[in-house]
Amino acid sequence: MMTKTVEELARELLGRDARELGKRELRVLRTMAERQPVSIDQHTAETQDTFWNRLADHVAAVGGSWGFIFGFFLVLAVWVTVNGSAVLGRGAVFDPYPFIFLNLVLSMLAAIQAPIIMMSQNRAAAKDREAAAHDYEVNLRAELEIMRLHEKLDSLRAEQLATLIKHQSEMLALIRSGGAAANPPRG
């Protein structure tokens, strides 16, 4: 079987010139022309994870967990209990009611944690976009291969039909010629 070029595949399967196609479509056609798979394992693909990117992902994973929420609730409860005892007159505390220092700590935590979580979300969104683009390539390749299979099946069916008609014509010719020889005219 002869291998087709990217240009031939573009015209045959997509009905467009290869110069009109995007880089993803060209990549798919190139893998088809070279008979190479287009799919890759996204989890084993090389990524540019720096220490700071991994740290942002870890902070987002911890900050968005039930463990963090329950632990933070426990810290707040202890803080309020210990520092709220000043209201009851039970001695000196480092952050008496209305807990101004606690408000400062919470504000600083939110100011630091929010951009870190956003960085992690942006990285996750970029990975999702790349995965979706890869899925598009795999789906396009599968669709084009199915189209090629349909064309091959149609071609085989047409060849079989032509052969069948040829054999049928030959059989009819044999029957007609044999029938004339077997039944001579009566006179």
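Preceding this paragraph is the structure being described.
Parameters at a glance
Residues numbered from 1 in each chain as written. Predicted model: local features only at pLDDT ≥ 70, side-chain atom pairs only at ≥ 80, totals over all residues. Heavy atoms only, no water. Phe/Tyr/Trp six-rings, centres within 6.5 Å; stacked < 30°, edge-to-face > 60°. Helix = DSSP H or I, 4+ residues; strand = E, 2+ residues; numbered from the N terminus. Buried < 20%, exposed > 50% of the residue type's maximum accessible area, 1.4 Å probe, protein only. Patch = residues over 30% accessible without salt bridge, like charges linked within 9 Å, V, L, I, M, F, W, Y side chains within 5 Å. Areas by Shrake-Rupley, 256 points an atom, 1.4 Å probe, with all protein chains shown as cover. Salt bridge = Lys/Arg side-chain N within 4 Å of Asp/Glu carboxyl O. Polar contact = N/O pair within 3.5 Å; in protein donor to acceptor, adjacent residues only side chain to side chain. Arc of directions from axis to C-beta. Axes fitted to C-alpha atoms, helices over the stretch in contact; angles between N-to-C directions. Parallel < 35°, antiparallel > 145°, perpendicular 65-115°, else oblique. Left-handed = near helix turned anticlockwise from the far one by under 90°. Contact = heavy atoms within 4.5 Å. Nonpolar A, V, L, I, M, F, W, Y, C, P; charged D, E, K, R; others polar.

Some words on the packing of aromatic side chains
Inspection of the entire model under this criterion finds 6 aromatic pairs. For the ring pair W79 and F94, a centre distance of 5.3 Å and an interplane angle of 75 degrees mean the geometry is edge-to-face. Here the residue W79 occupies a position in helix α4 (residues 66–84), and F94 occupies one in the loop between α4 and α5 (100–182), the gap between them amounting to 15 residues. Assessed through its relative accessible area of 16%, W79 is described here as buried.

Comments concerning unusual backbone geometry
A cis geometry characterises the amide bond from Y97 onward to P98, with omega recorded as 20 degrees. Even without being glycine, R35 reaches a positive phi, approximately 55 degrees. Non-glycine residue F99 carries a positive phi angle of around 55 degrees. By secondary structure assignment, the location of F99 is in the loop between α4 and α5. F99 sits in the buried class, given a relative accessible area of 11%.

Brief notes about a nonpolar patch on the surface
Residues L74, V78, V82, F94, F101, L104 and M108 make up a contiguous nonpolar surface patch of about 690 Å² in total accessible area. Breaking the nonpolar patch down by element, the ones donating at least two residues are α4 and α5. Structurally, F101 can be placed in helix α5. Since its relative accessible area comes to 40%, F101 is described here as partly exposed.

Section: the side chain of D95
Among the secondary structure elements, D95 is positioned in the loop between α4 and α5. Given a relative accessible area of 3%, D95 falls into the buried group. At a separation of 3.0 Å, a polar atom in the side chain of D95 contacts the side chain of W79. Here L102 takes part through its backbone nitrogen, which lies 2.9 Å from a polar atom of the side chain of D95.

Examining helix α1 (residues 6–14)
Along α1, the positions that sit buried rather than exposed are V6, L9, A10 and L13. Down the axis of α1, the smallest arc covering the buried residues is 100 degrees, so these residues share one side. Where α1 terminates, the next one or two residues include G15, which has phi positive at roughly 65 degrees.

Quick word on the packing of α1 against helix α2 (residues 23–33)
Following both chains from N to C, one finds α1 and α2 inclined at 110 degrees, their axes separated by 9 Å at the closest point. With respect to their mutual orientation, α1 and α2 come out roughly perpendicular. As α1 runs across α2, the sense of the crossing is right-handed. Listed contacts from α2 to V6, L9, A10, L13 and L14 of α1 are L26, L29, R30, M32 and A33. Among the residues making up the contact of α1 with α2, the classes are represented as 9 nonpolar, no polar and 1 charged.

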